[in-house]
Amino acid sequence: MGQAALVAAAEAPLLRVAGFVKRYGRRSAVKEVSLEVRRGEIYGLIGPDGAGKSSLMKAVAGVLSFDAGRLEVFGIQLDSEAAAERVKGRLGFMPQGLGLNLYPELSIEENIDFFARLRLVPAAELAQRKERLLAITRLARFRSRAMKHLSGGMKQKLALVCTLIHEPELIVLDEPTTGVDPVSRRDFWLILSEILHERGATALVSTAYMDEASRFHRLALMLDGRILAAGRPQDLRRRVPGVAVQLRAEHQAEALARLRSVFAQVQALGAWIHVFAQDRDATAAEREIRAALADIALHEMFSTEPELEDVFIASLRQQDPHAGAMSAAVQAPLAAMAAAADGNAIAARGLTRDFGEFRAVDRVSFNVSRGEIFGLLGANGAGKTTCIKMLTGILPPSAGEGSVGGIDMRHAGRAIKQRIGYVSQAFSLYTDLTVVENVRLFAGIYGLTRREAGERLAWTLDNGGLAGYENETAGSLPMGLRQRLALGCALVHRPQVLFLDEPTSGVDPVGRRQFWEILFRLSRIDGVAILVTTHYMSEAEHCDRLALMYAGGIVADAAPAELKRRVTEEAGSLLEISASPVLQALALLRSAGYPDAALFGEHIHLLARDPDTAGTQLRQMLAGAGIAVAHIGRRPLSMEDVFVHYVTLLERGGTLQ
Amino acid sequence: MKRPATDFPSLARIWLQQIAVLSLKEIRQLLRDRALFIYTVYIFTANIIIAAGGASNELRDSPVRVHDADRSVASRDLIYSFQPPRFRLAGEVDSAAEALRLLDRGEARMILDIPPDFAESLRRQRPAHVQALIDTSQANTGYLASSYAARIVARFSEAQVQRNIIRAGGDPRNLPTIRNEVRVWYNPDLNDKWFNTISELLTMVTVACILLPAAAMIREKERGTLEQLLVSPLTPLQIMLSKLLSMMLVMLCGTTVAIFGIMQPLYHVPFVGSVPLFFLLAALYAFTNAGLGLVAATFARNSAQVGLVVLLMVMPIVMLSGTWTPMESMPAWLRSLMYLSPLRHFIEVAYGILLRGAGIGLLWESVAAMAAIGIALFALGLARFRRQFA
Amino acid sequence: MNLARVLALAQREWREILRDRIYFLLAFLLPVMLMLVFGYGMSQDIENIAFAVVDEDHTPLSRDYAHHFIESRYFSFKGYLPDADAADRLLAQRKLRLVIVIGPRFAEQLRAGRAAQVQTLIDGTFATSTRTIQAYVEAINLAANTSVRSGYLARRLGLPPERVADLLHPVVLEVRYLYNQEVRSIWSVAPGLIMLILMLVPPLLMALSVVREKETGAIYNVYSSTITRAEFLVGKLLPSVTISCINAVILWLLATLYFGTPFKGSLAFFGVATLLYILCTTALGLLISLLVRTQQAAMIISLVMSIIVSIQFSGLITPVSALSGGNYAIAHAFPAMYYNEVVKGAFLKAIGFEALWPQLLVFALYALAVFMLCYLLFRKRTRT
């Protein structure tokens, strides 16, 4: 932590929350939450949908009343509407939903002007601030474009500008990065840091992405209305001691089952297995793994620092030992690895789709074989959904062809549709029907007999952990259950090909793991070909193979590990630099041959070809500029790094291999 | 997975089963959509009751003010013939200016001005000129007021006419008279409640037939469930048919409640014709309109917009149906347009069966028109529905 | 009240309306369409009524009687029918609305100075128009009767025809139609429609515009800013009221130029009254928008309210004075009834401030009361 921040920390906190409770009717959304945010910091609230982040943030912004506890902003108790009014002048709030609070018919400039006028920003100051913010966000040349014609990243930046136009001391941003592509996200965090630093402002930011934790100075992990853990990201990681081990073994499914009998957190990541060995060091963990695997051949194994998600689940298990346990049904028999490749289950060949002038999908080609989990990774608007819609026959392609089981989907008949399962975006179930009604409906649609329907219903309830919720409406289920119900409905007719469009959005980490577990079994045991899209970079690792989509095209297509290997080959390994003042260090690095250096909270990430020599050079260079360097070390590449690498390459006009 | 069945009977069974489960789903969803469900219940119940008590051009207790310059027994007699239910004596006026003022403010709908020599003229067998100033700012009731006033005056004169004839040497018993006996068929008492409730029911049936399938379709579009259906082996025709069938059922239930639960017990609205025929043709009418609902759903992006599009469709259909203004009184260019209003044809059917006991023999033209319009609209709906995904 | 903020809000809203195609159509097309459709649909100038005659007498006198109807501009003669059965059939088929059946010894009875029987069969399906047709028939019959009687008496008593007329008409009712001399239905319908449409559209637009922001979350911009509650409400009302004022002008032009309704009163008075009425109805929409969460609910509630109030309880068709207790009270609880008096006064009666100032007062107080209620209900810090 820098010196300025240390001084600031000594002051009274800018925001103080104690015993905060918010109820909606009988449902408690936030249960006795306490936290403090200090001046100048970026404080993160991380958690899935329904964790209570939004309620807390709205209350802080003075737009939501609450039921118990204390809430103090700038030393003012927010206990009435009148009190809330007193802080609003010094506060900026950006509600959830990308750009939804903006006015689609107005241009960028008109949007900014409106927010400024609403906040009574004097014209002269407005002109000056507007130019600066437009310049920083690189929106200046689009100033007269209507908001509805902006990309997701641009909307996000515009929303940020609008929130900042009156120079608030505290800004409250509710999920500003959800669904935004990683390049824009990096941009966003940098802009936010710069502006906050320059103005000495403070930010309270929420996110659903665990891997964004390192962007914050301090953060709180929220689940189900409570704070599971809070503190600096590095402290949180240390809180549950242990090591993460990645390994590749023969008979993946059986290996998983054996490891589970020893370790609490074991999951399949594509061809790999990820183990979180709590309270063990690397040597002990690897030894125990070898012992557990016994006669199963081990191909590769290495240890890494645990992910925050591992910590999240471990924290959860400290409170409830059963949380995150995989159901017994998930454990698979050894013999089931029958996913023999029998040609391409799904094939896209030059798939292209135009909407008027706009090309949503541009010459996309890939193949998915039986038993394979194939991922389409990209931001909202990258063309993932359009791609799936063409492959499922909902949308005819403008050019190219998509086929399932060798049959062109444009002329897909009944027989082929009978073999497809589809979970559309946001699990489009009938939210007003109950669990049983939903399953029976889809059973009826797929022409199952009464007896078959009964069997599949029992299977869905059992497999999805939905027993006990039979007569709840789908809309009242927690996201995780809703997602498994959607999957159950899509699987009711035992399809051989499964399409999943962002199946894990808004689902908590435990639910996501259980979900991937089911997908894993489907692919390995039943040999189902699975095409899944996601905008969670970290989830991409679950896929056997994945394609990175950007602006309608595929920028890379390979197994996750292969992609990382290629990036390391092409651009080098990832270095993490802790330096202070960090923004100055970043500026220096960017001008000194590392234009892609990115800010992660108090750290800087960059790719260097020869990491050891580069480390020494950088240390000298930074020290020479009077910047204190605390630490330079290597870090494993993340999928986000891979994505950003390929997109920047593309944007600079480079060619892709 | 077992091989899918391919023989015709099992395909047909599955085809029908699919429509059945989808229709059941639609009904469940409507029952659970609070706003829409309350509205649906409302239009077939409370709304009919409100309509029954509402619009009527019947002249009732119309305030009459009198300027009686004669103040004789005869003038009193005439004045007191203006009695409820049509009229109500609201007092006297002293001057023409005051009379105008009262008319201006709506405190009188008619002013009777009786000249000073009224009784004298009667006695002398000279015509007595009584003036009636009638407020025709409401044209219809104004005209009826003048008609009823003329009738009252004629009845009042009858005795005087006889006296006059006797005095002129004639025999009043020997006076030719054309007795025009007016017989109003199908609604002999001109009960507005019959007309109002039936016309409101028909309007609401139209609203339901268009709005409900449209709302059901837009709900699927909004929530993304439609794609789920499109990926399944269902055909667009099945999806549309299931919405049509379920909403038809809802509409028929609503109509049953409205007719047998409200209109008959409360207002004694007759049901002269065949009940099965009426409901059969009501079902046909649902089909006639459903296409419009589905077209509306393809134009709109959310449930608010769909409501507005439906509003834009229903208003002309209702207003150009001939319920209020008889078709023959419309300008010629509009008359041909009116044939396109599905309600115009259903009005023939509904009033025909309910009030006149008409059978299919009398109604076949309207039935054919409904079927033709229905097929055209359904085809249009299906075409637009398919196209929006292309 | 900070005017800059109010204007910022109003101007943004205005721009959005102009650029959002659906909203624009709704704001400006809906009122015009309603005016045209209702104008034709509700005007009850009953003419061209299809009728036929069954003449069982076949005498010059019976034909004479039939001619009274044939020559009337209200009726459209479709021909003679052989018998009453044919009449029944054609009435049932709705080919005819009216059949005159002249009895077999019509001329003979009349010549003998007795009563002759005529039957008029009317299709009473549509009660409202039937009543008017009945009145037409009565008037024609009265005229025919008079001419038969005067001919008879003149012959019998050997008196000059004018003397006979005096004998038969001891009382002559001289009817003078005020405000609408030609008794044209559209003259009373068109001004009433201005009332109806301004009751229907402004609340709908207003309610949707607020609830739409609630649905998208843009309302949080307002909640989280320093704009005061009153400023927000005024800023929201302004554009909506402006649109409705423009619509009022368009509707006025349609009523006067297209439908040819005379405007006899003072434009200044009408303008002030209309503005105040629009304020009332828009404020009602604002009130609805504060009570509901979805656009669908906002639409249903505002439409149901507006349609019931403006058609049933405004005096548009049934005079308010003819309403019974409860309905009479409902009518007085909404501004539509008062505005109906205003449009009638301004268009047809040529009266203004001097007679209708109480209505203006009602509007002003009403708008203020609803606005205050909105102010009390609106929270920038909500519970949900």
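Being a predicted model, the structure only gives us computed values, none of them experimental. (Residues numbered from 1 in each chain as written. Chains lettered and ligands numbered in written order. Predicted model: local features only at pLDDT ≥ 70, side-chain atom pairs only at ≥ 80, totals over all residues. Heavy atoms only, no water.)

Student: Mind laying out the packing of helix H18 (residues 560-571) of chain A against helix H21 (residues 639-651) of chain A, listing which residues take part and the relevant values?
Tutor: All names here are of chain A. Between H18 and H21, the least distance of the axes is 10 Å, while the angle of their chain directions is 55 degrees. If you check the angle between H18 and H21, you find them oblique. Crossing geometry of H18 relative to H21 is assigned as left-handed. Residue-level contacts link Pro560, Leu563, Lys564, Arg566, Val567, Glu570 and Ala571 of H18 to Met639, Val642, His645, Tyr646 and Leu649 of H21. Its residues assigned to classes, the contact of H18 with H21 shows eight nonpolar, one polar and three charged. (Axes fitted to C-alpha atoms, helices over the stretch in contact; angles between N-to-C directions. Helix = DSSP H or I, 4+ residues; strand = E, 2+ residues; numbered from the N terminus. Parallel < 35°, antiparallel > 145°, perpendicular 65-115°, else oblique. Left-handed = near helix turned anticlockwise from the far one by under 90°. Contact = heavy atoms within 4.5 Å. Nonpolar A, V, L, I, M, F, W, Y, C, P; charged D, E, K, R; others polar.)

Student: I'd like a description of the sheet that holds strand E1 (residues 15-24) of chain A, backed by residues and values.
Tutor: All names here are of chain A. The strand order across the open sheet formed by four strands is E2-E1-E4-E5, and the pairing between neighbours is antiparallel. This sheet does not close on itself; its edge strands, each paired only once, are strand E2 (27-37) and strand E5 (76-77). Pairing between strand E4 (residues 68-73) and E5: two bridges, direction antiparallel. In the sheet register, Val73 faces E5, and the bridge partner there is Ile76. Its contacts with the sheet put helix H2 (residues 53-60) on E1, E2 and E4, and the angle it makes with E1 is roughly 120 degrees. (Pairing = 2+ DSSP bridges.)

Student: If you had to explain the pairing of strand E4 (residues 115-123) of chain C to someone new, which residues and values would you point to?
Tutor: By the bridge criterion, nine bridges tie strand E5 (residues 177-185) of chain B to E4 of chain C in an arrangement that is parallel. Bridge pairing in E4 of chain C links Ile178 of chain B to Ala116 of chain C. Pairing of strand E3 (residues 98-102) of chain C with E4 of chain C, which is carried by five bridges, proceeds in the antiparallel orientation. Considered in E4 of chain C, the bridge of Leu98 of chain C is made with Ile122 of chain C.

Student: Kindly report on the confidence of the model for chain A, identifying the contributing residues and their values.
Tutor: Residue and element names in this part refer to chain A. Considering every residue of chain A, the mean pLDDT works out to 86; 94% of them sit at 70 or more. Segment residues 1-9: pLDDT under 50, and five contacts once partners within four positions in sequence are set aside and those in other chains are kept. The low-confidence segment residues 327-341 (pLDDT under 50) makes 21 contacts with residues lying over four places distant or belonging to another chain. (pLDDT = per-residue confidence, 0-100.)

Student: Tell me about the interface of chain A and chain B, residues and numbers included.
Tutor: Between chain A and chain B, the contact holds 31 residues from the first and 27 residues from the second. Together chain A and chain B conceal approximately 2900 Å² of surface at their shared face, both sides included; 57% is due to carbon and sulfur atoms. For chain A, the biggest contributors to the area lost against chain B are Arg414, Tyr430 and Ile445 of chain A; these three give 22% of the whole. In this structure, the connection of chain A to chain B is made through four salt bridges. (Buried area = accessible area lost by both parts, 1.4 Å probe. Salt bridge = Lys/Arg side-chain N within 4 Å of Asp/Glu carboxyl O.)

Student: Pulling in residues and values, what's your account of the pattern of salt bridges?
Tutor: This model, assessed by the stated rule, comprises 89 salt bridges over all chains. The closest approach of N and O atoms between Glu212 of chain A and Arg185 of chain A, which form a salt bridge, is 3.1 Å. Taken together, the residues Glu212 of chain A in the loop between strand E8 (202-207) and strand E9 (218-223) and Arg185 of chain A in helix H7 (residues 182-199) connect sequence positions 27 residues apart. Each of the two residues, Glu212 of chain A as well as Arg185 of chain A, counts as buried. For Asp68 of chain B, the salt bridge goes to Arg76 of chain B, with nearest N and O atoms at 3.4 Å. (Buried < 20%, exposed > 50% of the residue type's maximum accessible area, 1.4 Å probe, protein only.)

Student: Summarise the interface of chain C and chain B; cite the residues concerned and give the values.
Tutor: In this assembly, 113 residues from chain C lie in contact with 110 residues from chain B. Roughly 10100 Å² is buried in total at the junction of chain C and chain B, and carbon and sulfur atoms are behind 60% of that figure. Along the contact surface separating chain C from chain B lie six salt bridges. Here Arg131 of chain C ties to Asp192 of chain B by a salt bridge, and the two come within 2.7 Å at their closest N and O atoms. Our enumeration of links across chain C and chain B arrives at 45 residue pairs in polar contact (both at pLDDT 80 or more). The element contributing the most residues to the side of chain C that touches chain B is helix H6 (residues 127-157) of chain C, with 21 residues. Residue composition of the side of chain C that touches chain B, by class: 64 nonpolar, 29 polar and 20 charged. Of the strand pairs in this sheet, strand E4 (residues 128-135) of chain B and strand E5 (residues 171-178) of chain C are connected by eight bridges, and their pairing is parallel. For Leu133 of chain B, the partnering residue across the bridge sits in E5 of chain C and is Arg176 of chain C. (Polar contact = N/O pair within 3.5 Å; in protein donor to acceptor, adjacent residues only side chain to side chain.)

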